[in-house]
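Below are the chains, spelled out letter by letter.
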Amino acid sequence: MLDSKIPAGPLEQKWSEYKGHVKLVNPANKRKIEIIVVGTGLAGASAAASLAEMGYQVKTYCFHDSPRRAHSISAQGGINAAKNYQNDGDSVFRLFYDTVKGGDYRARESNVHRLSEVSANIIDQCVAQGVPFAREYGGLLSNRSFGGTQVQRTFYAAGQTGQQLLIGAYQALERQIALGNVTMYARHEMQELVLIDGKARGIIARNLVTGNLERHFGHTVLLCTGGYSNVYYLSTSGMGSNVTAAWKAHKQGACFANPCFTQIHPTCIPVSGEHQSKLTLMSESLRNDGRIWVPKKQNETRKPGEIPEEERDYYLERRYPAFGNLVPRDVASRAAKERCDAGYGVGTSRQAVYLDYAEAINRYGRIECNKNGIANPSPEIIRRHGMDVVKEKYGNLFNMYEKITGENPYEVPMRIYPAVHYTMGGLWVDYELMTTIPGLYCLGEANFSDHGANRLGASALMQGLADGYFVIPYTIGNYLSDEIRTKEIPTDHPAFEKAEKVVADRISQLKNIGGTKTVDHFHKRLGKIMWDKCGMARNANGLREAIVEIQQLKKDFYNDLKIPGEIYEMNPELDKASRVADFIELGELMCMDALNRNESCGGHFREEMQTEEGEAKRDDENFSYVAAWQFAGEHEWVLIKEPLEFEVAKPSQRSYK
């Protein structure tokens, strides 16, 4: 059985009651405790800085040359918080309800409510750090709308919110490094978790510059290593993003929860050819002002500017009038796929839809002309003023689109199509963010806890910073208060020696295969299987085929992989090989999870389970649970179910109409 450790009492009082009664570690004892933090994105950097500020001795690890290269910078659009600055009806409860509903009622209520409660504190923290959030003329912080909501609660810094928030967390982290409270290990990748007497007591890390293996002790270990969307090869994640740290913990006993819950982002630059190594996300913030449409005529050959208004199908506004272009990501993605599959797609591939800013430029231009007292402005003047506003709000995104596609989005509509983006699944954690391994915690996108089957836009940054700044500093004391008598364990302990040998043998095995195919060859094959049969739509036959194909792919990988270079040197191909080996095993589990979940919910769309209108059809009677998978050997897992109980946000058929 899984013990989620959810506090008793009313939902809105659980977190405050927990904080009032949680065990504490006094300052003198904190100085004797070492904490390992793997990953230095928003969750990792904020956790490391916060715990060091409290007095713990912290060691952090990232495979980049600097924490500032963490993939958190790619979350461009904004961060949610229930501050109700617009006085438009927002509240902690509404943010909680939107998140549970947006996740199609597959998230744990208590965790989501806590996330909503601490959201306002995140904004105050980041403002105090100097994060340059956008502001209204009078100086108040500005907000915009994101998908799945009818209020404006998304705080933003132009189109680079993640980068600015990461710089804030990075500054806090660097301060603690300078004070000697944090030791930073850049260019180090965790290769194995070390368990002693059943508790997480350290890691084996590989120095990616020298290739040497290193042993590191910690009283507890925090995994903050992001998501696993690169299992699809083409995704919006950074090319180095991987599942290795979480997967090694999983194979040591940490349950992996809801692995099939993958988010397909509707606002990405379409695939342009076989040469691509990743996809580019155009922020969801663009749906705040842009209108999405396709021609009403199939296989349309005219340019978008030549298609009159009456011959355009603003299909999201037509199908979902209450939310329009701001429906949740899973809904918008499936709608785009449906239009393209029906023959209404645009561009040379016919696998794209238009995102049009003409109306927004005109609307903002008229507002600016009124503000400046310009009577009877010409269309050119209106357009010039409107473009100035759009450039201020979204300029870097428009520049990025033009640099990649060679098209000016101020002149012609952007072409977008859904792509793999975020993973709602991850290591199972309880209310305290501890995995099923005592002493091993998991924060941010690497865990499963807050988003259910679909994440609302602008909630990734919120969860990462909530976990790091405001949750783990409280919950970790409940465990460490019983560890104050545990002395530092020398790294020549047999458990460390055994773990290092496991890693060394695994690396030697990969290096010595001596085959003919590159790592990318196998990664691309895996990605195609996953996208075709466990992507935006899945069905039982396809998933069964995918499992067989992935098992064969694993055999081919270990028989015909070629890795140039040597082990004890900088060897990016060897690094990739280790990560792809884990992706192959994860891909098999994802397909098993998707096959087992015989319903449609959020980002998990089983073609057999849909309404007459083509919407996701949940089965609350049989599948209202978290699917936590325990590793039991090669190709074998045991399913453990955590029932989901909804006391406040009662499940209902999602409707955005």
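Residues numbered from 1 in each chain as written. Predicted model: local features only at pLDDT ≥ 70, side-chain atom pairs only at ≥ 80, totals over all residues. Heavy atoms only, no water.

### Description of the overall build of the chain
From N to C terminus, the chain includes 18 helices and 19 strands. A compact globule built from 657 residues should have a C-alpha radius of gyration of about 26 Å, and the chain, at 24 Å, falls within 12% of that. Seen through its C-alpha atoms, the chain measures out along the principal axes to roughly 80 × 55 × 50 Å. By residue count, 61% of the 657 residues in the chain fall in the buried class. A separation threshold of at least 6 residues defines the contact pool for the chain, and within that pool the share at least 24 residues apart is 74%. Summed over all atoms, the accessible surface of the chain reaches about 25000 Å², with 48% contributed by carbon and sulfur. For the chain, the distance from the average position of its 78 positive side-chain charges to the average position of its 81 negative side-chain charges is 2 Å. (Helix = DSSP H or I, 4+ residues; strand = E, 2+ residues; numbered from the N terminus. Rg over C-alpha atoms; globule rule 2.2 N^0.38 Å. Buried < 20%, exposed > 50% of the residue type's maximum accessible area, 1.4 Å probe, protein only. Contact = heavy atoms within 4.5 Å. Areas by Shrake-Rupley, 256 points an atom, 1.4 Å probe, with all protein chains shown as cover. Lys, Arg positive; Asp, Glu negative; His and termini not counted. Charge placed at Lys NZ, Arg CZ, Asp CG, Glu CD.)

### What to know about helix α10 (residues 329-344)
Within α10, 12 of the 16 residues are buried, which leaves the element mostly enclosed by the surrounding structure. Of all the positions in α10, only R329, D330, V331, A332, S333, R334, A335, A336, R339, C340, G343 and Y344 are classed as buried.

### Some details on the domain arrangement of the chain
Size of an interface, as often reported, equals the accessible area lost when the parts are brought together. Each assigned domain of the chain is listed here: domain 1 (265-420) and domain 2 (494-625). Put simply, the middle of domain 1 and the middle of domain 2, counted by C-alpha atoms, are 34 Å apart. Listed as interface residues are 10 residues of domain 1 and, on the opposing side, nine residues of domain 2. By the criterion of area lost to domain 2, the three top residues of domain 1 are D330, R334 and K337, representing 52% of everything that side buries. Viewed at the interface, domain 2 and domain 1 are joined by one salt bridge. The closest approach of N and O atoms between R319 and E615, which form a salt bridge, is 3.4 Å. At the junction of domain 1 and domain 2, the tally comes to three residue pairs in polar contact (both at pLDDT 80 or more). Listed by contribution, the elements that provide at least two residues to the side of domain 1 that touches domain 2 are α10 and β15 (414-423). (Domains from an automatic or database assignment. Buried area = accessible area lost by both parts, 1.4 Å probe. Salt bridge = Lys/Arg side-chain N within 4 Å of Asp/Glu carboxyl O. Polar contact = N/O pair within 3.5 Å; in protein donor to acceptor, adjacent residues only side chain to side chain.)

### Regarding the packing of helix α6 (residues 161-179) against helix α13 (residues 460-480)
Put simply, α6 and α13 touch, their axes get as near as 11 Å, and they point 10° apart. By the angle between their axes, α6 is roughly parallel relative to α13. Counting all contacts with α6, which are made through T161, G162, L165, G168 and A169, the residues of α13 involved are L461, L465 and Y469. Of the residues belonging to the contact of α6 with α13, the class tally is five nonpolar, three polar and no charged. (Axes fitted to C-alpha atoms, helices over the stretch in contact; angles between N-to-C directions. Parallel < 35°, antiparallel > 145°, perpendicular 65-115°, else oblique. Nonpolar A, V, L, I, M, F, W, Y, C, P; charged D, E, K, R; others polar.)

### Quick look at the side chain of E642
Looking at the element boundaries, E642 is found in strand β19 (residues 636-643). A distance of 2.8 Å separates a polar atom in the side chain of E642 from a polar atom in the side chain of W428.

### Topic: helix α5 (residues 109-129)
Between its terminal C-alpha atoms α5 stretches 30 Å, which fits the 30 Å expected from 21 residues at 1.5 Å a residue. The sharpest bend along α5 comes to roughly 35°, located at V118. Most of α5 sits out of view: 15 of its 21 residues are buried. Looking one or two residues past α5, G130 carries a phi angle of roughly 95°, positive in sign. (Expected span 1.5 Å × (residues − 1). Bend = angle between axes of the 7 residues up to and from the residue.)

### Considerations on the nonpolar core
Judged by nonpolar contacts, the single largest core of 184 residues is most densely connected at I79, L222 and L223. It is helix α17 (residues 572-596) that provides the largest number of residues to this core, a total of 12 residues. When residues no more than four places from it in sequence are discounted, the contact partners of L222 are I35, I36, V37, V38, A47, L51, Y441, L443, I472 and I476. Membership of the second largest hydrophobic core comes to six residues, among which are W293, Y314, V346 and Y354. (Core = buried A, V, L, I, M, F, W, Y, C linked by side-chain atoms within 4.5 Å.)

### Some remarks on the sheet that holds strand β18 (residues 625-633)
With antiparallel pairing, four strands are arranged side by side in an open sheet as β16-β10-β18-β19. Each edge of the sheet is formed by a strand with only one pairing partner; in this case those strands are β16 (426-427) and β19. By the bridge criterion, two bridges tie strand β10 (residues 256-257) to β18 in an arrangement that is antiparallel. Opposite A257, over in β18, you have A628 as the bridge partner. Strands in contact with helix α7 (residues 244-251) are β10, β16, β18 and β19; relative to β18, the strand with the most contacts, it is inclined by about 70°. The strands touched by α17 are β10, β18 and β19; relative to β18, the strand with the most contacts, the crossing angle is about 135°. (Pairing = 2+ DSSP bridges.)

### Topic: the pairing of strand β12 (residues 291-295)
In terms of burial, β12 is a largely internal element, five of the five residues being buried. Along β12, one buried face is formed by R291, W293 and P295 and the opposite face, lined by I292 and V294, is buried too. In this structure, β12 lies alongside strand β14 (residues 353-356), joined through three bridges in antiparallel fashion. Residue pairing for β14: R291 is matched across the bridge by D356.

### Brief notes about the pattern of salt bridges
Summed over the entire model, instances satisfying the criterion amount to 57 salt bridges. Note that K533 and E545 form a salt bridge whose closest N and O atoms lie 3.1 Å from each other. Of this pair, K533 sits in helix α15 (residues 519-534) while E545 sits in helix α16 (residues 540-560), and the two are 12 residues apart along the sequence. Several salt bridges converge on common partners, so that one network encompasses D104, R106, D330, R334, R597, E599, R618, D620 and R654.

### Thoughts on the packing of aromatic side chains
Applying the stated rule across the entire model yields 25 aromatic pairs. Residues Y61 and Y185 carry aromatic rings whose centres are separated by 4.8 Å and whose planes lie at 5° to one another, so their mutual orientation is stacked. Residue Y61 is located in strand β2 (residues 57-61), and its partner Y185 is located in strand β5 (residues 182-185); the two are separated by 124 residues in the primary sequence. Y61 gets classed as buried once you look at its relative accessible area, which sits at 1%. One aromatic cluster is present, formed by Y228, W247, F256, F631 and W637 through successive ring pairs. Here R144 stacks its cationic end above the ring of Y156, 3.7 Å away from the centre of that ring. Over the ring of Y625 we find R597, and its NZ or CZ is 5.1 Å from the ring centre. (Phe/Tyr/Trp six-rings, centres within 6.5 Å; stacked < 30°, edge-to-face > 60°. Lys NZ or Arg CZ within 6 Å of the ring centre and 35° of its normal.)

### A closer look at the sheet that holds β15
Ordered in space as β11-β15-β14-β12-β13, the five strands form an open sheet in which the pairing is antiparallel. If you trace the sheet from one side to the other, it starts and ends with β11 (262-268) and β13 (312-313), each paired once.

### Side note on unusual backbone geometry
Positive phi, close to 50°, is recorded for A158, a residue that is not glycine. The residue A158 is located in the loop between β4 (154-155) and α6 in this model. Taking the relative accessible area as the measure of exposure, A158 reaches 27% and is therefore partly exposed.

### What to know about the packing of helix α3 (residues 42-54) against α6
In contact at an axis separation of 8 Å, α3 and α6 are set at 35° when each is read in the N-to-C sense. Every pair of crossing elements has a handedness; the one defined by α3 and α6 is left-handed. The residues of α6 that touch α3, namely those facing L42, A45, S46, A48, A49, A52 and E53, are L165, L166, A169, A172, L173, R175 and Q176. Residues that form the contact of α3 with α6 fall into these classes: 10 nonpolar, two polar and two charged. (Left-handed = near helix turned anticlockwise from the far one by under 90°.)

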